[in-house]
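# Report on the structure
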Amino acid sequence: MRTSTTAAMTTEEIMRVALDQSGMRDIPADSGVHVRGDGIRRIYATIDCDVADLLLARELRCDAVLTHHPEGTASLHGWRLIARQVEQMVECGVPVDRAEAAIQRRMHMVELNSHVRNYGRVAQAAQLLKLSFLNVHLPCDVISRRLITEKMAPFQQPDSHATVADIIAALQEFPEQKLAATEPKVLLGAPDRLAGRVAVAMAGYTNGGLEVLKAYFEAGVGCVLMMHFPEADLREAREQKLAGNLIITGHMASDSIGINVYLDELERRGLEVIRAGGIIVPR
Ligand SMILES: [Fe+2]
Ligand SMILES: [Fe+2]
């Protein structure tokens, strides 16, 4: 029920909405309340957050900042969620031992990169500014993946003769995709090729890189959708002439799909939400 007056929420309640929408009981390792607070009525929502965003949020008289990408300790521990990709691969017919082996290289690399992070910087600034601060990553990505998977359902029939171009056209039906400055891009394969079975390889902290891509193709998946893909892995994939299609769906466009569902719900509960920080707003 939409309320005309602004309701006040706590940081925990704001987090709980995302968990409920994505079917999670506990806060995942890549998300967290970094500065807790009560009586929140007006929030600044962003995909990425630095100290400048906090100052902008204060300038805009917000009580809290809600960012998508991991911050604080969530940015140190989130890499563990790459393990979720095993489940996704198994759903697509990858043998479990093959799937577990496929994530090792990427998981190791992402963990090593997390050691570089100045993880507490933004959270500390939020504390000094007396701004409530939380980041909600996996729950929003689960929502994006769910909606994109639903969109792909018609193409999963064995008699589907959809091409890679048809998959891209379906993705473009999302208002966020239509409005984004990016377009889904074919990194491997070609638009006129048959798509075959489609895997939506998202909501696993980050892309799985070359080995995960190979595992999907070996299991008979014809077209893999990822939000983004590393350059070095792409080079290797091309050298190895992998026989499959890889579409990157656009990072901000794809993240915005799930984020908007979440923010719409917060608004429905009476919060005032300022969408900033690169969120693609379909209005
Ligand atoms: Fe995301
Ligand atoms: Fe993202």
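Scroll up to find the structure.
A brief look at the structure comes next. None of these values were measured; they are calculated from a predicted model.

Criteria and cut-off values
Residues numbered from 1 in each chain as written. Chains lettered and ligands numbered in written order. Predicted model: local features only at pLDDT ≥ 70, side-chain atom pairs only at ≥ 80, totals over all residues. Heavy atoms only, no water. Pairing = 2+ DSSP bridges. Helix = DSSP H or I, 4+ residues; strand = E, 2+ residues; numbered from the N terminus. Axes fitted to C-alpha atoms, helices over the stretch in contact; angles between N-to-C directions. Contact = heavy atoms within 4.5 Å. Donors = N, O, S within 2.8 Å, 3.2 Å for Na, K, Ca; no water. Buried < 20%, exposed > 50% of the residue type's maximum accessible area, 1.4 Å probe, protein only. Polar contact = N/O pair within 3.5 Å; in protein donor to acceptor, adjacent residues only side chain to side chain. Parallel < 35°, antiparallel > 145°, perpendicular 65-115°, else oblique. Left-handed = near helix turned anticlockwise from the far one by under 90°. Tetrahedral: all angles 85-135°; square planar, octahedral: opposite > 155°, others 65-115°. Arc of directions from axis to C-beta.

Think of a sheet as strands paired side by side through backbone hydrogen bonds, with each pair either parallel or antiparallel. Strand order in the open sheet formed by five strands is 1-4-3-2-9, with mixed pairing between adjacent strands. Single-partner strands in this sheet number two, and they are strand 1 (32-35) and strand 9 (272-275). Adjacent strand axes in the sheet meet at a mean angle of 25°, parallel and antiparallel pairs treated alike. The sheet contact formed by strand 2 (residues 42-46) and strand 9 spans four bridges and is parallel. Looking at strand 9, one finds that isoleucine 43 is bridged to valine 273. In this fold helix 2 (residues 51-59) packs onto strand 2, strand 3 (64-67) and strand 4 (132-135), with an angle of close to 150° to the strand it touches most, strand 2. Where helix 6 (residues 121-128) meets the sheet, it contacts strand 1 and strand 4, and its direction lies at approximately 50° from that of strand 1.

This part is about the coordination of the iron ion (ligand 2). The protein atoms donating to the iron ion (ligand 2) are His69 (NE2), His251 (NE2) and Asp255 (OD), with metal-donor distances spanning 2.0 to 2.1 Å. A gap of 3.1 Å separates the iron ion (ligand 2) and the iron ion (ligand 1), which aspartate 255 links by coordinating each metal. Of this pair, histidine 69 sits in the loop between strand 3 and helix 3 (74-77) while histidine 251 sits in helix 12 (residues 251-268); the two residues are 182 residues apart in sequence, bridging distant segments of the chain. According to the relative accessible area criterion, histidine 69 is buried, its value standing at 14%. For histidine 251, a relative accessible area of 24% translates into the label partly exposed.

Turning next to the side chain of arginine 42. By secondary structure assignment, the location of arginine 42 is in strand 2. By relative accessible area, arginine 42 is classed as buried at 17%. Within the local environment of arginine 42, its side chain forms a polar contact with the backbone oxygen of leucine 60, the two atoms lying 2.9 Å apart.

Below, the discussion takes up the packing of helix 1 (residues 11-22) against helix 7 (residues 138-152). Packing of helix 1 against helix 7 brings their axes to within 9 Å, and their N-to-C directions diverge by 30°. Overall, the two elements helix 1 and helix 7 adopt an arrangement that is roughly parallel. Crossing handedness for the pair helix 1 and helix 7: left-handed. Note on element contacts: helix 7 touches helix 1 through Pro139, Val142, Ile143 and Arg146, opposite Ala18, Leu19, Gln21 and Ser22.

This brings us to the sheet that holds strand 7 (residues 221-226). Here four strands make up an open sheet; going across it, the order is 5-8-7-6 and the pairing mixed. Where the open sheet ends on each side, the last strands, each with one partner, are strand 5 (185-188) and strand 6 (197-200). Along the sheet, successive strands turn relative to each other by an average axial angle of 25°, direction set aside. Here strand 5 runs beside strand 8 (residues 245-248); their pairing, made up of three bridges, is antiparallel. Within strand 8, the position partnered with leucine 188 by the bridge is leucine 246. Strand contacts of helix 7: strand 6 and strand 7, with the helix running at about 170° to strand 6, the strand carrying the most contacts. Helix 10 (residues 209-218) contacts strand 5, strand 6, strand 7 and strand 8 of the sheet and is inclined by roughly 145° relative to strand 7.

Let us now look at the coordination of the iron ion (ligand 1). Donor atoms from the polypeptide that coordinate the iron ion (ligand 1) comprise His68 (NE2), Asp141 (OD), Asp141 (OD) and Asp255 (OD), at 1.9 to 2.7 Å from the metal. Every donor counted, the four donor atoms about the iron ion (ligand 1) form angles of 53 to 135° at the centre, which fits irregular coordination.

Time to look at helix 2. Three or more residues of helix 2 are buried, namely Asp53, Leu54 and Ala57. Each buried residue of helix 2 lies within a common arc of 100° when the element is viewed along its axis, so the set occupies one face. Exposed positions of helix 2 whose direction lies more than 90 degrees from the buried face are Ala52 and Glu59. Among the structural elements, strand 2, strand 3, helix 6 and strand 4 are those in contact with the buried residues of helix 2. Measuring from the side-chain oxygen of the N-cap residue of helix 2 to the backbone nitrogen of alanine 52 gives 3.1 Å; that N-cap residue is aspartate 50. Positioned one or two residues after helix 2, arginine 61 has a phi angle of 60°, which is positive.

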